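# Inside the fold
Below are the chains, spelled out letter by letter.
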Amino acid sequence: QNMLEELLIHKPDDPIQYMINHLKQNNDDAPRICVLGPPASGKTTVAMWLCKHLDAIRISQETLLFKEILALTREAKMYKERKQKIPNALWANLIQERLSNVDCIKQGWILEGFPENQEQAWMLQSSGIIPRHVVVLYAPDTVLIERNSGKRLDPFTEEVYHTTFDWPSDPLIQQRLVKPEDLSEQEMSKKLLEYHRNFPGVFQIYQKVLKSISADQPSMDVLSQVLTYVQTRHRSAAPFTPRILFCGPPGSGKSLQAALIAQKYSVVNICCGQLLKEAVADKTKLGELIKPYIDNGYPVPDNLVMKILAERLNALDCMTNGWVLYGFPRDIEQGEQLQKSHIIPN
């Protein structure tokens, strides 16, 4: 799916060679994550923690302007020095240039605080920069304004601390912490207003891959929820035929769950015991063979059960709509027989 997306975006002159190169990179599982949220919501803390945990590359406004030597860095810095807003197109080009470096391709990336508005999001998408997961942190404005006043920065590691909520225990770190710029309450309120104005447009673009997580809870809870989300895989848009197997002891509710699933997703509901009884009632060749076993209360041999089961599961309705099966297999041997017959649940 990822390769098809890339082909549609880049439209290479030689698609075969493009696909070969894509497969050689073997980076389909590399993280591609955006961490968004209002000022003081904890984006930097989350992004840095994810980078350590996933061994990915963190990219933020600060890293692009002060850590990287990119062709467009000087131009962006000039805007910053003149206290002018850096244009969306320039940010998008800077990000595209940085993400095309080998480390980002191989290790994946965490984009912190980008995109800030819908225009930036469209520009990133048209450059082929499509995140797999978008994490949005949120908290009440009053909490964010209070947090902002106690925010402190470690200039060595770039880690963010707080005078009340997250003070470092190491005295050396405490000594070198600095107060970031733009911390007036008025400035903060202005930034929050701008964020609330721009966010709905960003949400609209990423809503299928976006998860909102409350930042107004202990940091370890936030990080745990973020990690759980970014490690999930989204459902593919490709056609999918469900092949579902229900296992469990007698009385655990297999038949009820199977019936509910079959009804909800229009798949074929198959009970192995019922299938055998139907074969006997219909007087099929296999039905005649298993009739003596059922009449005398003996278990039907696995090879005969497998033949009846395979015949039913390979019928057109099962192949087209998918199936949910219960009552088989009941042991390892039956499970192995199911595998050998290429009846593999997904």
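Per an unreviewed UniProt entry, the recorded name for the protein chain is KAD8 kinase, and the organism is Haliaeetus albicilla. Its UniProt record, at the heading Sequence similarities (unreviewed entry), says of the protein chain: "Belongs to the adenylate kinase family."

## What to know about the overall build of the protein chain
Assigned secondary structure in the protein chain consists of 18 helices and 10 strands. Over its C-alpha atoms the protein chain spans a radius of gyration of 28 Å, topping by over 25% the 20 Å that the globule rule assigns to 346 residues. In terms of overall dimensions, the protein chain has a C-alpha envelope of 90 × 55 × 35 Å along the principal axes. Within the span of the protein chain, comprising 346 residues, buried residues form 40% of the whole.

## Comments concerning unusual backbone geometry
Put simply, phenylalanine 114 and proline 115 share a cis peptide bond, and its omega is -10°. Within the secondary structure, proline 115 sits in the loop between β3 (109-112) and α8 (118-126). Cis geometry marks the peptide bond from phenylalanine 328 to proline 329, where omega comes out at 0°. In this fold, proline 329 is placed in the loop between β10 (323-326) and α18 (332-340). Phi angles above zero are rare outside glycine, and alanine 40 is one such case at about 70°. Positionally, alanine 40 belongs in the loop between β1 (32-36) and α3 (43-54). Here alanine 40 falls in the buried class, since its relative accessible area comes to 11%. Residue lysine 283 is not a glycine yet carries a positive backbone phi of 55°. Residue placement: lysine 283 occurs in the loop between α14 (272-281) and α15 (285-295).

## Re the pairing of β3
Judged by which residues are buried, β3 turns out to be covered on both faces: Trp109 and Leu111 on one side and Ile110 and Glu112 on the other are all buried. One ladder, built from 4 bridges, connects β1 with β3; its direction is parallel. When the sheet's bridge partners are listed, valine 35 is paired in β3 with glutamate 112. Strand direction decides the pairing type here: strand β2 (residues 57-59) and β3, joined by 3 bridges, are parallel. Within β3, the residue paired with isoleucine 59 across the bridge is leucine 111.

## Points about the state of the cysteines
By definition, a disulfide is the covalent link that joins the sulfur atoms of two cysteine residues. In total, this model carries 0 disulfides according to the counting rule given. In this structure cysteine 34 is not part of a disulfide, and its nearest cysteine sulfur, from cysteine 51, lies 12 Å away. Residue class for cysteine 34 comes out buried when judged on its relative accessible area of 1%. Among the cysteines around cysteine 247, which has no disulfide bond, cysteine 272 carries the closest sulfur, lying 12 Å off. Using a relative accessible area of 54% as the deciding quantity, one classes cysteine 247 as exposed.

## What to know about the sheet that holds β10
Sheet architecture is open: 3 strands sit in the order β8-β10-β9, paired in parallel fashion. This sheet does not close on itself; its edge strands, each paired only once, are β8 (243-246) and β9 (268-271). Strand-to-strand, the axes of this sheet are offset by a mean angle of 20°, without reference to chain direction. Of the pairings in the sheet, the one linking β8 to β10 comprises 4 bridges and is parallel in character. Following the sheet pairing, arginine 243 is matched in β10 by tryptophan 323.

## Regarding the packing of α3 against helix α12 (residues 219-230)
Packing of α3 against α12 leaves a shortest axis separation of 11 Å and a crossing angle of 55°. As the angle between them shows, α3 and α12 are arranged oblique. Two packed elements cross with a definite hand, and for α3 against α12 that hand is right-handed. Here Thr45, Val46, Trp49, Leu50, His53 and Leu54 of α3 lie close against α12, whose contacting residues are Val222, Leu223, Val226, Leu227 and Val230. Its residues assigned to classes, the contact of α3 with α12 shows 9 nonpolar, 2 polar and no charged.

## Description of the pattern of salt bridges
Evaluated as defined, the whole model comprises 4 salt bridges. Across the salt bridge formed by aspartate 103 and arginine 98, the nearest N and O atoms sit 2.7 Å from each other. Of the residues examined, aspartate 103 reaches a relative accessible area of 25% and is grouped as partly exposed. Accessibility expressed as a relative area gives 4% for arginine 98, which makes it buried. In this structure, lysine 291 and aspartate 295 form a salt bridge, with 2.9 Å as the shortest nitrogen-oxygen distance. Here aspartate 295 and lysine 291 lie together in helix α15, a separation of 4 residues that amounts to about one turn. Taking relative accessible area as the criterion, lysine 291 reaches 35% and is therefore assigned partly exposed. Overall, the relative accessible area of 51% leaves aspartate 295 in the exposed class.

The rules we used
- Residues numbered from 1 in each chain as written.
- Predicted model: local features only at pLDDT ≥ 70, side-chain atom pairs only at ≥ 80, totals over all residues.
- Heavy atoms only, no water.
- UniProt positions renumbered as here; feature names shortened; annotations may be inferred.
- Helix = DSSP H or I, 4+ residues; strand = E, 2+ residues; numbered from the N terminus.
- Rg over C-alpha atoms; globule rule 2.2 N^0.38 Å.
- Buried < 20%, exposed > 50% of the residue type's maximum accessible area, 1.4 Å probe, protein only.
- Pairing = 2+ DSSP bridges.
- Disulfide = S-S within 2.5 Å.
- Axes fitted to C-alpha atoms, helices over the stretch in contact; angles between N-to-C directions.
- Parallel < 35°, antiparallel > 145°, perpendicular 65-115°, else oblique.
- Left-handed = near helix turned anticlockwise from the far one by under 90°.
- Contact = heavy atoms within 4.5 Å.
- Nonpolar A, V, L, I, M, F, W, Y, C, P; charged D, E, K, R; others polar.
- Salt bridge = Lys/Arg side-chain N within 4 Å of Asp/Glu carboxyl O.

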